[in-house]
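Residues per chain are reported as follows:
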Amino acid sequence: MITSKQRAYLRGLANGIPAIMQIGKGGIGDNLIKTVSDALEARELIKMTVLENSMESPKEVANELASLVDADVVGVVGRKIILYRESVNNKRIEL
């Protein structure tokens, strides 16, 4: 669990990174979970876009995905979601 100060710091870092994935009408599948988990291990902080044709709201997607990959939801802004998980091998962000 991250504190509100850490969350604010991570939101600031996320401003400079592009969204690397899109979640559409297919929703959250095994392939997406594996891809997100690998991306979090490599980058620690990722931003994704939830497309308009998704059946779930961005907040629902963020919470479900975070619980499945053991990550923290940094924020949901519009249709963008930001996730953080400390990397085991590629530690880059100091909180």
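The notes below deal with the structure included here. Just so it is clear, the model here is predicted, and its values are computed rather than measured. Residue numbers run consecutively from 1 along every chain, following the written order of its sequence. Side-chain atom pairs in this predicted model are given and counted only at pLDDT of 80 or more, local residue features only at pLDDT of at least 70, and totals for whole chains, interfaces and linings cover all residues. Calculated side-chain values reflect all of the structure's heavy atoms, with hydrogen atoms and water omitted.

### A few points about a nonpolar patch on the surface
- Like-charged residues are merged into a patch within 9 Å and nonpolar side chains (Val, Leu, Ile, Met, Phe, Trp, Tyr) within 5 Å, provided each residue has over 30% relative accessible area and no salt bridge. Only the protein chains shown count as cover for residues, with accessible areas throughout obtained via the Shrake-Rupley method and a probe of 1.4 Å. Salt-bridge detection follows one rule: a side-chain nitrogen of Lys or Arg within 4 Å of a carboxyl oxygen of Asp or Glu. A cluster of nonpolar side chains, contributed by Tyr-9, Leu-13 and Leu-95, occupies part of the molecular surface with about 260 Å² of accessible area.
- Each helix is a run of DSSP H or I of at least 4 residues and each strand a run of E of at least 2, with the numbering of both proceeding from the N terminus. If you trace the backbone, Tyr-9 turns up in helix α1 (residues 4–14).
- Relative accessibility decides the category of a residue: with a 1.4 Å probe and only protein chains considered, values under 20% of the type maximum give buried, values over 50% give exposed, and everything between is partly exposed. Its relative accessible area of 41% is what places Tyr-9 among the partly exposed residues.

### Some remarks on the nonpolar core
- Ranked by size, the top nonpolar core spans 19 residues in total, and within it Val-36, Ile-46, Met-48 and Leu-83 carry the most contacts.
- Counting only elements with at least two residues in this core, the list comes to β1 (21–23), α2 (30–43), β2 (45–50), α3 (58–69) and β4 (80–84).
- Sort the elements by how many residues they give to this core and α3 lands first, with 5 residues.
- Setting aside its immediate chain neighbours within four residues, Val-36 contacts Met-21, Ile-46, Met-48, Leu-65, Val-69 and Leu-83.
- Buried residues of nine kinds, namely Ala, Val, Leu, Ile, Met, Phe, Trp, Tyr and Cys, make up a nonpolar core once their side-chain atoms join them within 4.5 Å. Core analysis: the next-biggest nonpolar cluster, separate from the first, contains 8 residues, Leu-45, Val-74, Tyr-84 and Ile-93 among them. By definition, residues are in contact when any of their heavy atoms lie within 4.5 Å.

### Looking at the side chain of Ser-54
- Following the sequence through the fold, Ser-54 ends up in the loop between β2 and α3.
- Residue classification places Ser-54 among the buried positions, given a relative accessible area of 12%.

### Some thoughts on unusual backbone geometry
- Phi at Glu-44 is positive, roughly 75°, even though this residue is not glycine.
- Look at Asp-70: it is not a glycine, yet its phi comes out positive at around 60°.
- As for its position among the elements, Asp-70 is in the loop between α3 and β3 (72–77).
- Look at Asp-70 and you get exposed, because its relative accessible area is 63%.

### Regarding the pattern of salt bridges
- Across all of its chains, the model carries 4 salt bridges by this definition.
- Across the pair Lys-91 and Glu-44 runs a salt bridge, and its minimum N-O distance is 3.9 Å. Pair noted here: Lys-91 is in the segment after β4 and Glu-44 is in the loop between α2 and β2, with a separation of 47 residues, a long-range link.
- Of the residues examined, Lys-91 reaches a relative accessible area of 37% and is grouped as partly exposed.
- Glu-44 sits in the buried class, given a relative accessible area of 0%.
- Sharing partners across several salt bridges, the network here consists of Glu-44, Glu-86 and Lys-91.

### Remarks on the pairing of β4
- Counting buried positions over the 5 residues of β4 gives 4, a clear majority of the element.
- Between any two strands, at least two bridges found by DSSP are needed for them to pair. The pairing of β2 with β4 spans 5 bridges and is classified as antiparallel. Note on β4: the bridge partner recorded for Thr-49 is Lys-80.
- The pairing of β3 with β4 spans 5 bridges and is antiparallel. In the sheet register, Val-77 faces β4, and the bridge partner there is Lys-80.
- In textbook terms, the turn of a hairpin is the stretch between consecutive antiparallel strands, and for β3 and β4 this stretch comprises 2 residues, one of which, Gly-78, has a positive phi near 65°.

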